[in-house]
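Geometric and topological summary
Letter by letter, the chains look like this.
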Amino acid sequence: MPSRILLVDDNADALTVLKTKLEHVGHHVGTAGSAEEALSRIKEFDPAVVITDLHMPGMNGIQLLERVKADMTEVDVIVATGHEDMSSAVMAMKAGAFDYLVKPIDLGEVESLVGRCLEAQRLNRTARRVQDDGEPPSFGENTVVGRDPRMIEIFKTIGVLARNRATVLIRGETGTGKEMIARAIHQNSAASREPFIAVNCTALSDTLLESELFGHVKGSFTGAVSSKRGYFELAGSGTIFLDEIGDTSPDFQTKLLRVLQERQFYPVGGEEPRFTEARVVAATHQPIEKLVEEGGFREDLYFRLKVVEIEVPPLRQRREDIPLLAQALLYKTAREMGSQSRFISEPAMRRLKQHSWPGNVRELENVLTRAIVLARGHAIAEEHISLGIQVSSRAKRSEGPDSDTLDAVIAAHVADVLDRCGGNKSQAARTLAISRSRLARILRKFNLDDGSDEGDLIGMDDDDDED
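Keep in mind it's a predicted model, so treat the numbers as computed, not measured.

Moving on, we get to the environment of Gly 61. Within the secondary structure layout, Gly 61 lies in helix α3 (residues 61–71). Take Gly 61: its relative accessible area is 0%, and that puts it in the buried class. Remark: the alpha-carbon pair of Gly 61 and Ala 80, spanning 19 residues in sequence, is separated by 8.4 Å.

The structure is reproduced here in structure tokens:
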């Protein structure tokens, strides 16, 4: 997309070379030999991008950057310097530079960087139009969102549970939002003004877990210098959320069963029973039926917990929910970080929808938090979305190496690239920057070749290079 670019440098030869390159790809380019001259020309020339040298006589590039960002917020500034040091890069980015280049400047890199800058500006304009069309959606602090039919059924169940105090067992993979659902049950109930207390059962030893939940009396164990009330007592008629209940010991399970059956418990070291009105919502990612069969989980406790059972689907099984969920998480995270709300570009959203999300909603929230930090302006572009290497279905089918070895990482990455290229081996080889023959050897080595031969060899270097 051709645009107006102002180059600022006290080196006339550098200006000429860069001007010629950018004009060759269609941009209208102006030049200035100093920051002062740039400021005198900038409003008349009306550039979309300013590329400035850092070290110049008189006003330097950082000072120019600060003036431009103060007076013309829509103009992006790229800072170039011959000094490859951390302090100048940090100083430039902190002052609001779009990016930072080190001399000697690669002309192809400048062309690509200007293109990304102009695309980011286009996305920012789109984001502002979207925001101007109406107020952003109102997502509550702990709103559970989704349009998938299974999520709709969960919403209905939350509504039913809000009218009673039945014990609930929430099941699902790590990171699917089980605690969010537990909070939604509590907040929609008549006891919403009472405490909601979440406890991660795997984070505490048996003694500490019992002490936290049931309390203890003074002198009951080393360190018990005074008596303490437990969460079951402190919760009143609110909710106790027991996360990862499947990882608890048989001894603790016996004591929890008594609470559910009789609504009473004994503090650690205590002889007098105490009573609770709190509702118990438990969660686990473990296959509890298998644990019951193997004797690792009490069957009677299992049935006591699953009066109502909620199964939360993993994110990869409800990809159509990703846009709505991503926007909700963006508003939540931006609010927490004191940042402006963001708009997700279509390429970035496509990338989010294509990912397998082994960490589920929690992973999505972490990815978007990083994107907010990296993005400048209102828009999140594809380049701001950083995803870890995911094991594709092709890699899962293979009989590859152990997961902790270098071979495993190579196998997973190659399999993922091949899947993203739709099985086209020529395209995958180009993406991996290796020859087609080397790719074929890797596929055979890790048992990733399914026998297909999609793609051709046009433009491919098929030299028999070394592994």
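What follows continues from the structure just given.
Let us look at unusual backbone geometry. Excluding glycine, most residues fall at negative phi; most peptide bonds, likewise, are trans. For the peptide bond that leads from Lys 103 to Pro 104, omega is 0°, which places it in the cis range. Note that Pro 104 resides in the loop between β5 (99–102) and α5 (107–132). At Asp 46, a position not held by glycine, the phi torsion is positive, near 55°. By the secondary structure assignment, Asp 46 is in the loop between α2 (35–45) and β3 (49–53). A relative accessible area of 47% places Asp 46 in the partly exposed class. For Trp 357, which is not a glycine, the phi torsion comes out positive at approximately 50°. As for its position among the elements, Trp 357 is in the loop between α14 (346–354) and α15 (360–374). Assessed through its relative accessible area of 0%, Trp 357 is described here as buried.

In space, the five strands of this open sheet follow the order β2-β1-β3-β4-β5, with parallel pairing throughout. Strand pairing shows two members of the sheet lacking a second neighbour, β2 (28–32) and β5, which therefore form its edges. If you compare each strand with its neighbour and ignore which way they point, the axes differ by 20° on average. Inspection of the sheet shows strand β4 (residues 76–81) paired to β5 by four bridges, in the parallel sense.

We now examine the side chain of Thr 176. Structurally, Thr 176 is set in the loop between β6 (168–171) and α7 (178–187). Judged by its relative accessible area of 4%, Thr 176 is buried. A distance of 2.8 Å separates a polar atom in the side chain of Thr 176 from the backbone oxygen of Glu 173. Ignoring any residue separated from it by four or fewer positions in sequence, one finds Thr 176 in contact with Val 312, Pro 313, Pro 314, Arg 318, Asn 360 and Val 361.

If you look at the biggest cluster of nonpolar residues, it comprises 28 residues, and the most contacted ones within it are Leu 213, Phe 232, Ile 240, Leu 242, Ile 245, Phe 297 and Leu 305. Taken together, the elements giving at least two residues each to this core come down to β7 (196–200), α8 (206–214), β10 (239–243), α10 (250–262), β13 (279–284), α11 (288–293) and α12 (299–305). The dominant element in this core, judged by the number of residues it contributes, is α10, at five residues. Excluding its chain neighbours within four sequence positions, the residues that come into contact with Ile 245 are Leu 169, Cys 201, Phe 252, Leu 256, Ala 282, Ala 283, Thr 284, Ile 288, Phe 297 and Leu 305. One finds Leu 325, Ala 328, Trp 357 and Ile 372 within the second-largest nonpolar core, a separate group that totals 24 residues.

The next thing to look at is the pattern of salt bridges. For the coordinates displayed, the defined rule picks out 22 salt bridges. The partner of Arg 116 in a salt bridge is Asp 99, and the shortest N-O contact between them spans 4.0 Å. Of the two residues, Arg 116 is situated in helix α5 and Asp 99 in strand β5; the sequence distance between them amounts to 17 residues. Residues Arg 183 and Glu 179 are paired through a salt bridge, measuring 3.0 Å at the closest nitrogen-oxygen approach. Of this pair, Arg 183 and Glu 179 are both found in helix α7, four residues apart, which corresponds to roughly one turn of the helix.

Over its 15 residues, α15 extends 22 Å from the first C-alpha to the last, a length consistent with the 21 Å expected when each residue adds 1.5 Å. Buried within α15 we find Asn 360, Val 361, Glu 363, Leu 364, Val 367, Leu 368, Ala 371 and Ile 372. Looking at the packing, one finds that the buried side of α15 touches α13 (322–337), β15 (343–344), α14 and β16 (379–380).

Parameters at a glance
- Residues numbered from 1 in each chain as written.
- Predicted model: local features only at pLDDT ≥ 70, side-chain atom pairs only at ≥ 80, totals over all residues.
- Heavy atoms only, no water.
- Helix = DSSP H or I, 4+ residues; strand = E, 2+ residues; numbered from the N terminus.
- Buried < 20%, exposed > 50% of the residue type's maximum accessible area, 1.4 Å probe, protein only.
- Pairing = 2+ DSSP bridges.
- Axes fitted to C-alpha atoms, helices over the stretch in contact; angles between N-to-C directions.
- Polar contact = N/O pair within 3.5 Å; in protein donor to acceptor, adjacent residues only side chain to side chain.
- Contact = heavy atoms within 4.5 Å.
- Core = buried A, V, L, I, M, F, W, Y, C linked by side-chain atoms within 4.5 Å.
- Salt bridge = Lys/Arg side-chain N within 4 Å of Asp/Glu carboxyl O.
- Expected span 1.5 Å × (residues − 1).

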